[in-house]
Structure formats: structure tokens, C-alpha cells
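Next come the chains, spelled out residue by residue.
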Amino acid sequence: MDNELENLVNGIADGSVRSLAGMITCVENRTTGWLEAMKKIYSKTGHARVIGITGPPGAGKSTLTDRLTRTLLDKGLSVGVIAVDPSSPFSGGALLGDRLRMKDVSALEGVFVRSMATRGALGGLSLAARDVVKIMDAFGKDFILVETVGVGQDEIEVVKTADLVMVVCVPGMGDGIQAIKAGIMEIADIFVVNKADIEGADSVVKDIQAMLSMSTDKGKKTIQVLKTVATSGDGITELVDTLFQELEATKKKAGRQRDRIKEEIIGLLEREVSRLIHKRLDHNDKLDVSVDKILARECDPYSVVQEITDDYIK
Amino acid sequence: MEQGKKVRVLVAKPGLDGHERGARVVAYGLRDLGFEVIYTGLRQSADIIAKAAIQEDVDVIGLSILSGAHMTLTRKVLDKLKEQDARDVLMLIGGVIPDEDVPKWKEMGVSGVFTSGTPIKEIGDFINSNIS
Ligand SMILES: Nc1nc2c(ncn2[C@@H]2O[C@H](COP(=O)(O)OP(=O)(O)OP(=O)(O)O)[C@@H](O)[C@H]2O)c(=O)[nH]1
Ligand SMILES: [Mg+2]
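Quick caveat, the model's predicted, so the values are computed rather than measured.

(A) Focus on the sheet that holds strand β5 (residues 112-115) of chain B. Taking strand neighbours across the sheet as the criterion, the 6 strands line up as β3(A)-β2(B)-β1(B)-β3(B)-β4(B)-β5(B) in an open arrangement whose pairing is parallel. Looking at the sheet topology across the chains shown, the edges are occupied by β3 (94-96) of chain A together with β5 of chain B. Strand-to-strand twist across the sheet, computed as the mean angle between neighbouring axes with direction ignored, equals 20°. In terms of strand pairing, β3(A) meets strand β2 (residues 36-44) of chain B through 3 bridges, oriented parallel. By the bridge assignment, L95(A) is partnered in β2(B) with V37(B). Across the face of the sheet, helix α2 (residues 46-55) of chain B comes into contact with β1 (8-14), β2 and β3 (60-65) of chain B while running at roughly 170° to β1(B).

(B) Focus on the packing of helix α1 (residues 3-13) of chain A against helix α3 (residues 34-42) of chain A. Residues and elements named next belong to chain A. As a packed pair, α1 and α3 sit with axes 10 Å apart at the nearest point and diverge in direction by 25°. For the element pair α1 / α3, the angle class is roughly parallel. The handedness of the crossing between α1 and α3 comes out as right-handed. For the pair formed by α1 and α3, the contact residues are L5, E6 and V9 on the first element and W34, A37, K40 and I41 on the second. Tallied by class, residues from the contact of α1 with α3 come to 5 nonpolar, no polar and 2 charged.

(C) Structural view of the interface of chain A and chain B. The interface of chain A with chain B comprises 31 residues on the first partner and 34 residues on the second. Interface area, chain A with chain B, both sides summed: about 2600 Å², of which 49% is carbon and sulfur. Across the contact surface, chain A and chain B share 5 salt bridges. In this structure, R8(B) engages E28(A) in a salt bridge whose closest nitrogen and oxygen atoms are separated by 3.8 Å. On the surface where chain A and chain B come into contact, there are 18 residue pairs in polar contact (both at pLDDT 80 or more). Put simply, the parts of the chain that give the side of chain A that touches chain B at least two residues each are α2 (17-29), β3, α5 (103-106) and β4 (111-117) of chain A. By residue number, the principal contributor to the side of chain A that touches chain B is α2(A), which donates 7 residues.

(D) Representation of a negative patch on the surface within the structure. The grouping of D197(A), D234(A), E238(A) and D241(A) at the surface amounts to a negative patch. Inspection of the secondary structure assignment puts D197(A) in the loop between β7 (190-193) and α8 (201-214).

(E) Inspection of the side chain of R49(A) at higher detail. Its place among the elements puts R49(A) in strand β1 (residues 49-55). With near-sequence residues (within four places) excluded, R49(A) lies in contact with D142(A), F143(A), I144(A), D163(A), L247(A) and K251(A).

(F) Highlighting the site of ligand 1. All names here are of chain A. As a structural note, the neighbourhood of ligand 1 is formed by 17 residues, with K61, S62, T63, R101 and D197 the closest of them. In this structure, G58 approaches ligand 1 through a main-chain N or O atom, which is 3.0 Å from an oxygen atom. In isolation ligand 1 offers 650 Å² of accessible surface; the protein chains occlude 76% of this area. Among the elements that take part in the shell around ligand 1, helix α4 (residues 61-74) stands out by supplying 3 residues, more than any other.

(G) Structural view of the coordination of the magnesium ion (ligand 2). Residues and elements named next belong to chain A. Of the protein atoms, only S62 (OG), D98 (OD) and E147 (OE) coordinate the magnesium ion (ligand 2), at distances of 2.0 to 2.2 Å. Sequence positions of the residues that donate to the magnesium ion (ligand 2) give the spacing S-x35-D-x48-E. Taken together, the positions of S62 in helix α4 and D98 in the loop between β3 and α5 put the pair 36 residues apart, joining distant regions of the chain.

(H) Focus on empty space enclosed by the protein. Applying the stated rule across the entire model yields 1 cavity of 30 Å³ or more. Considered as a void within the structure, the largest cavity measures approximately 60 Å³ in volume. Along the walls of the largest cavity sit R18(A), A53(B), I54(B), D57(B), V58(B), A86(B), R87(B) and V89(B), which together make up its complete lining.

(I) Broad picture of α2(B). Residue and element names in this part refer to chain B. Among the 10 residues that make up α2, 8 are buried, leaving the element largely enclosed by the rest of the structure. Taken together, the buried positions of α2 are occupied by A46, I48, I49, A50, A52, A53, I54 and Q55. Trailing α2 by a residue or two, D57 shows a phi angle of about 50°, which is positive.

(J) Examining the nonpolar core more closely. Counting 50 residues, the largest nonpolar core has M23(A), I82(A), I135(A), M136(A), I144(A), F191(A) and I208(A) as its most contacted members. A per-element tally of this core places helix α6 (residues 125-139) of chain A first, with 8 residues. Two domains each provide a minimum of three residues to this core, namely domain 1 (1-44) and domain 2 (45-252) of chain A. In this structure, M136(A) is in contact with L20(A), I24(A), G80(A), V81(A), I82(A), F112(A), R114(A), K141(A) and I144(A), ignoring residues within four places of it in sequence. Counting residues in each nonpolar core, the second largest holds 29 residues, with L10(B), I38(B), I65(B) and L73(B) among its members.

(K) Broad picture of the pattern of salt bridges. All told, the structure shown has 28 salt bridges over all chains when counted by the stated rule. In this structure, the salt-bridge partner of R99(A) is E56(B), at a minimum N-O distance of 2.6 Å. Remark: E56(B) occurs in the loop between α2 and β3 and R99(A) occurs in the loop between β3 and α5; the pair is interchain, linking two chains. Here R99(A) and E56(B) have matching classes, each one buried. Salt bridges here are not isolated pairs; linked through shared partners, they connect E28(A), R99(A), R114(A), R119(A), R8(B), E36(B) and E56(B).

Quick notes on the rules
- Throughout this description, residue numbers start from 1 for each chain and increase along the sequence as written.
- Lettering for chains starts from A, numbering for ligands starts from 1, and both go in the order in which the items are written.
- Predicted model: local features are reported for residues with pLDDT of at least 70 only, side-chain atom pairs are reported and counted for 80 or more only, and whole-chain, interface and lining totals are derived from all residues.
- With hydrogens and water stripped out, all remaining heavy atoms of the structure feed into the side-chain values.
- Should DSSP find at least two bridges between two strands, the strands are taken to pair.
- Only DSSP runs of H or I covering at least 4 residues are called helices, and only runs of E covering at least 2 are called strands; the numbering of each starts at the N terminus.
- For helices, the fitted line uses only the C-alpha atoms of the stretch in contact; every axis is such a line through C-alpha atoms, and the angle between N-to-C directions lies from 0 to 180 degrees.
- Contact criterion: two residues are considered in contact whenever any of their non-hydrogen atoms come within 4.5 Å of each other.
- For classification purposes, angles smaller than 35 degrees are called roughly parallel, those larger than 145 roughly antiparallel, those between 65 and 115 roughly perpendicular, and all remaining angles oblique.
- Each crossing gets its hand from how the near helix is turned against the far one by less than a right angle, where anticlockwise is left-handed and clockwise is right-handed.
- Residues are grouped as follows: Ala, Val, Leu, Ile, Met, Phe, Trp, Tyr, Cys and Pro are nonpolar; Asp, Glu, Lys and Arg are charged; all remaining types, including Gly, are polar.
- We define buried area as the total accessible area lost by two parts upon association, computed with a 1.4 Å probe and summed across both.
- Put simply, a salt bridge is a Lys or Arg side-chain nitrogen that is within 4 Å of an Asp or Glu carboxyl oxygen.
- Pairs of N or O atoms are called polar contacts if they sit within 3.5 Å, as long as, within protein, a hydrogen donor faces a hydrogen acceptor (for residues adjacent in sequence, only side-chain-to-side-chain pairs).
- Residues with no salt bridge and a relative accessible area higher than 30% make up the patches, which join like charges within 9 Å and nonpolar side chains (Val, Leu, Ile, Met, Phe, Trp, Tyr) within 5 Å.
- Per-residue and other accessible areas follow the Shrake-Rupley method at a 1.4 Å probe size, with only the shown protein chains counted as cover for residues.
- In summary, the charge assignment counts Lys and Arg as positive and Asp and Glu as negative, without counting His or the chain termini.
- Lysine's charge is taken at NZ, arginine's at CZ, aspartate's at CG and glutamate's at CD.
- We call a residue near a molecule or strand when any one of its heavy atoms sits within 4 Å of it.
- Sites may look incomplete because water is not among the atoms; the donors themselves are N, O and S atoms within 2.8 Å of the metal, or within 3.2 Å for Na, K and Ca.
- Within this scheme a cavity is a closed region of a 1 Å grid, computed over the protein atoms alone, that accommodates a 1.4 Å probe without allowing it to escape, whereas a pocket is open but has protein on both sides within 12 Å along at least five of seven lines; lining residues each have an atom within 4 Å of a point.
- Grid points are joined across faces, edges and corners, and a volume is the space filled by probe spheres set on the points.
- Exposure classes here rest on a 1.4 Å probe applied to the protein chains alone. A residue is buried below 20% of its type maximum, exposed above 50%, and partly exposed in between.
- Residues belong to a common nonpolar core when they are buried Ala, Val, Leu, Ile, Met, Phe, Trp, Tyr or Cys residues joined through side-chain atoms within 4.5 Å.
- Boundary definitions for the domains trace back to an automatic or database domain assignment.

In C-alpha cells, the structure reads:
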């Protein structure tokens, strides 16, 4: 590992905020040596509780995150926030605006807020975000709140790795809860109907409860649906209480932790294999020969793939 | 070696007065040029700006300036960054800035001064050629 990363790892152990920020950057950029650095800090992880917060754009996720952060701070707990926003598919740039709703809280002692862009189709967002969670965990944060917009599969993957997932809904989302994408409902451990000051909140609550009661999954039937007004703070105390109860309950599900680690290993492996495939085949003359044969219909892509995999497995 | 390096820019509008239109235009423009822009909006104190810059590990801070009164605030941001042992950050300001003030800003540690109406591309080019 080069000196810079070594210093960052040591800095994190010493509680340096600058090192925490610097290591996140290195891991996001996949700066050479990042893997070694992750290995070094791994033994210090496992302490933080991770809460995923997801929901449609503008639902009040950041405002809610701000409130939760304050409440946790009041309990003497330190908080890390990861706010994920999509990168522009056209320029590769991103406008990360979640801090807008957290500006005062983000400057308080014990709080560290980091904005992350999805950075395109690498499919690596969930892995990179997981790494950032670990870095904050190793730094000593008690709670880590991860905000993502519940639209893309990648974003859903991110929050799925949390200990607990809060799905934020709002009144007026059109046809009841139909507007919420399939896939996002399944991952919820708690439902929050935010903007309860707006008309229609109760009917959203009812819709969600009805949906949960129809679920074939027994566990889903007991999921709580809470109303909040993030802007005024109404309902936040109840939300935090529920959060703690649910965290206690999930702790008892021993299998969850194991499953998560297995999933992570497989995820990392898939990426590594895909990297190796590209490395070997992107500029490969043999592959060009196969392509010529396929074009001439002398061969087919299925056989070529089989040949290659047979070759790898040997 | 940096495999996926993106340049990160904090855009803030310090102080209590004024509109955020200019800051927004710059934020969107820089995004469209491929930068990762952390937009923090209006009413920022020097302390909040400096802490945001450190947490986000930005390469650049762009402040939207409305009057000479923001000079004190900008100086405070620079002081705070130094005080908190931040890494080197390229400090830029934009807004209505009289020509005769430019040397004063530069002396203080501001690297780039852009008056309203500067094409965003020019700001982007400046950033790209001035960060390591
Ligand atoms: N009336 C009302 N407005 C709210 C409430 N919570 C948030 N808002 C407003 O809703 C808008 C969006 O809030 P954010 O917290 O930025 O929402 P978000 O879900 O983080 O938005 P994205 O990150 O852009 O998806 C802001 O103008 C908030 O002030 C609420 O409980 N009631
Ligand atoms: Mg948000």
C-alpha cells in the first residue's frame, strides 16, 4: 500500500476527519491500493447500525435524515450520512443537493455527511457505497444513514445492505401507492408516510397497510407504518423509538448477517470475474477470429462461450 | 493511479442576502461539464462551508458573491480550512465583482474570479487546468 493510503488508514484510527474524507475519495475512485486499505480497516468494522432511507424524489428523505441525525445526536450517538444521487448519463457529472437540507446538522460535532454520485453503469454503486459505510463504521460512527432515491435497481441494492430499511412515501403520489416501484416495497422494514401535514396522508397509510395485510410473507404483516412531518419534527420521536425496537428485533435474526456476507462475497467475485473477462478478451485476437467465424455462420456465439469457459475452468 | 477520479466542486452562496439563481446556474453548468457538484444553497456560514468542503473532500470551492461584504466571509472560510488542516482547495468566486477588487481577492487566496455572465465552460477549463 502506498504512503498516502497508509496515512489515511492511520488517520482514521486516530479519528481524523480529513483522513475519513480522503479514504472515501480513494475508495470511490478505486485509487490503486484501495483494496489493501479496506482490508486494513475491516477488523474495526461491525459496530455501526446502518439505516437505509429510500423513496421517491422529493419525498423528504433528506429533511427526515436531518431530523433523525439530530435525535440520534441528542442520545449521544455519532452519525454518518451517505446521500446518493444519480450521475448524469450524458456528462458523467452530478448535482448532489442533499446537503441543502442538512446544512446545520452537518456542521455539528459527531456528524459526517458525504454525498455520492452513482457514477454510471459500472454496477458498482452498491459495492462502493458499502465500502463507504465500512469506512465510516471503522471511524467509529454509531449510526450510518444511507439516503438513496428509490428508482433504480442499483439504488435499491444499496439500501438492501442496511440493517434496516425505511421506505418514505408521501400523500398525492397518484394512484395510492401504485406509484412506488415494485421492488422497493419488498425491502421495507418500516414505512414512513412523510408530509403528513398534507391532505391524503391517512389514505396512503391505509393503502400501505392494506397491501401489507395481503402479503403472503408473515413478517410483512407486522411492519409499522408511521406518519411524520419532517419539516416540523412531528412523529420523529415515535419513528426513532420504532427504529430502535426494530433494530433490536433484527439483531435476533442471526441468519441475516451471514447471508449478507455471503452475498457480498459473491458480489465482489462477480465483479472480479467480469473484470478479468474484459482484461483477457477486450483486445484478443483469438476472439476476433471467432467473431469472423460467427459472421460467416461457421460457428455460433454459444459454442464460443462454452469453449472459453471450459478453457477457464481447466 | 486514479482509476475513476472525478473532480468534486462545492458550490455555496454565503450570507443571508440575495438570490441563488447565479449559484444554481453554475452548479448545473458544471454538472453538464462532467464535474460532481455538491450544491449547498443559500445562507451558509463560513464554518458550514469549510466543514462541508472537508467532509466532501472537494477539489474546488465556488462561492457566489454578491457584495464586497462577502470578502470577510470568504477570508473566514479560508482561515477555517487552514485551521482544520484541510487539503489544498482551489477557491473560486463568482458574481458582481468590481475590477478594482480583483487584486484584493487574489491576495487573500482566491485563485479564480469570475464576473457574472462568464461562460461556464471558461470556469470548467480554469478548474481543469488548475487542479493537480
Ligand atoms: N409540507 C411538507 N413538506 C416537506 C416535509 N418534509 C419535507 N418537505 C419538503 O419537501 C421538499 C423536498 O424535501 P427533501 O428532504 O429535499 O426531499 P428528498 O426526498 O431528500 O428529495 P431528493 O433527495 O431530491 O429525492 C423540501 O422542500 C422540503 O422542505 C413535510 O413533512 N411536509
Ligand atoms: Mg434528498
